Amino acid sequence: MRAEHINITIPVSLKMRIDAESKRERIGRSTLIQKALTIYLDVLKRRKIRALLAEGYSEMAGEALAITEEFGGLDDEAFRRVD
């Protein structure tokens with residue numbers, strides 16, 4: 001994977017936490033930040049997908065209800081014939 005150097009500004013307290021965690025995990029600071037950002041961006045992507053799915057399911061529920069109501073009379077007729 002091609003890497004690119006960037007400069008960012010973070011609070012000293014956050015840098016200290018990053019340094020402590022990278023030492024504990026025995027990985028470099030850059031690796032830790034890359035992993036954290038990857039996880040964060042994946043979580044955001046999943047949230048967006050879930051929101052889109054919820055919206056789609058909601059729209060489909062309305063369509064399914066309309067279809068059920070439209071064919072409800074046919075179901076009633078079919079059940080009368082079975083009984």
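Computed from a prediction, not measured in an experiment: that's the story for all the values here.

## Section: the overall build of the protein chain
At step 1: A count of helices and strands for the protein chain gives 2 helices and 0 strands.
At step 2: Against the compact-globule benchmark of 12 Å for 83 residues, the protein chain has a radius of gyration of 27 Å, which places it well outside the compact range.
At step 3: Viewed in the frame of its principal axes, the protein chain has a C-alpha envelope of about 75 × 30 × 25 Å.
At step 4: Out of the 83 residues belonging to the protein chain, those deemed buried represent 4%.

## A word on the pattern of salt bridges
At step 1: Tallied over the full model, the rule gives 4 salt bridges.
At step 2: One salt bridge in this structure joins Asp19 and Lys15, with 2.8 Å as the shortest N-O distance. Taken as a pair, Asp19 and Lys15 lie in helix 1 (residues 12-25) at a separation of 4 residues, close to a single helical turn.
At step 3: Looking at Asp19, the relative accessible area reads 22%, which means it is partly exposed.
At step 4: The partner of Glu25 in a salt bridge is Arg24, with the nearest N and O atoms 2.9 Å apart.
At step 5: Glu25 sits in the partly exposed class, given a relative accessible area of 40%.
At step 6: Through salt bridges that share partners, Lys15, Asp19 and Arg29 make up one connected network.

## Considerations on unusual backbone geometry
At step 1: Its identity as a non-glycine residue notwithstanding, Arg26 has a phi of 60°, on the positive side.
At step 2: Within the element layout of this structure, Arg26 appears in the loop between helix 1 and helix 2 (29-82).
At step 3: Given a relative accessible area of 78%, Arg26 falls into the exposed group.

Rules of the game
Residues numbered from 1 in each chain as written. Predicted model: local features only at pLDDT ≥ 70, side-chain atom pairs only at ≥ 80, totals over all residues. Heavy atoms only, no water. Helix = DSSP H or I, 4+ residues; strand = E, 2+ residues; numbered from the N terminus. Rg over C-alpha atoms; globule rule 2.2 N^0.38 Å. Buried < 20%, exposed > 50% of the residue type's maximum accessible area, 1.4 Å probe, protein only. Salt bridge = Lys/Arg side-chain N within 4 Å of Asp/Glu carboxyl O.

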